[in-house]
Amino acid sequence: MMSDSLLNALLHAKKVVTLTGAGISAESGIPTFRGAGGLWEGYPVEKVATVEGFEKDPQLVWRFYNERRVNIAKAAPNDAHIILAKMEKIYDLWIITQNIDGLHQKAGSRNVVELHGNIWRVRCTNCGRVEYNYEVPLREIPPRCKRCGGLLRPDVVWFGEPVYDINKAYQLTEKCEIMFVIGTSAQVYPAAYLPRAAWSHGAKIVEINPQETPVSSYADFIFRESATSAMRKIYQAIQEASQ
Ligand SMILES: [Zn+2]
């Protein structure tokens, strides 16, 4: 089952950071970020996930995002999301996520850093106004800014764009005592630096991933299984030990 040294670390830690990627949302039925052959759910990536693609055909890009929003709206947080939200009551816990689906917040997490933005936010390409928009499906494609009538874009990070809140992510990373790396291959930079940075600052690294990743080579503890199964074991062990 779970090692005593991990349990011991979990019982003594205060600051915990969790880096999450597509793998944690896969169990909620949300397809993985990128498929094979440069296609993303059947669309060429450069057409639907770059500024150039958006400028060329905002209609196509919004049809793609509208479809994703429809699918994500149907998805519910799974036990891994829910347990992480509960763990905010035990730890000073922050989630740094590469996901844009908002499922951590839907599960009740409040401390979430979204490196790649959020599919439920839109940003005006003219005046810069950002707002949440939960309309499913969108009535108007492409949607327009309520203030200035400008073209809205999804407030997500596309290829070639800088990620959001990386400084905040580094600050959290440098102070944490334990970092969970869940469902991410940690190959996309700069997020890929974070587990390494936490590790070099002395944090224990707990990898949860059915597959081996670059993090596996230095992780202190590894769960080669799904996020829900590993998080159930971890949470149960913490609860039993604190009774
Ligand atoms: Zn505007």
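Residues numbered from 1 in each chain as written. Predicted model: local features only at pLDDT ≥ 70, side-chain atom pairs only at ≥ 80, totals over all residues.

Engineer: How would you summarise the nonpolar core if you had to cite specific residues and measurements?
Structural biologist: Among the nonpolar cores identified, the biggest contains 43 residues, and Val-17, Ile-96 and Met-179 are the most heavily contacted of them. Considering each element in turn, this core owes the most residues, 6 residues, to helix H6 (residues 79-87). Residues within four places of Val-17 in sequence aside, it is in contact with Trp-94, Ile-96, Leu-172, Thr-173, Cys-176, Met-179 and Ala-198. With 12 residues, the next largest nonpolar core counts Ala-49, Trp-62, Phe-64 and Ile-72 among its residues. (Core = buried A, V, L, I, M, F, W, Y, C linked by C-beta atoms within 7 Å. Buried ≥ 20, exposed ≤ 12 C-beta atoms within 10 Å, placed from the backbone. Helix = DSSP H or I, 4+ residues; strand = E, 2+ residues; numbered from the N terminus. Contact = placed C-beta atoms within 7 Å.)

Engineer: Can you tell me about unusual backbone geometry, naming the residues and giving the values?
Structural biologist: With omega at -10 degrees, the peptide bond leading from Val-136 into Pro-137 counts as cis. Position of Pro-137 among the secondary structure elements: in the loop between strand E7 (130-132) and strand E8 (152-156). Geometrically, the link from Ile-141 to Pro-142 is a cis peptide bond, its omega value of -5 degrees lying close to zero. Topologically, Pro-142 is positioned in the loop between E7 and E8. One non-glycine residue with positive phi stands out, namely Asp-165, at about 55 degrees. The residue Asp-165 is located in the loop between E8 and helix H8 (166-175) in this model. Assessed through the 14 C-beta atoms surrounding it within 10 Å, Asp-165 is described here as partly exposed. Here the phi dihedral of Ala-186 falls at roughly 50 degrees; this positive angle occurs in a residue that is not glycine. Among the structural elements, Ala-186 can be located in the loop between strand E9 (178-182) and helix H9 (193-200). By C-beta crowding, Ala-186 is classed as buried, having 21 other C-beta atoms within 10 Å.

Taken by themselves, the reported measurements are silent on function.
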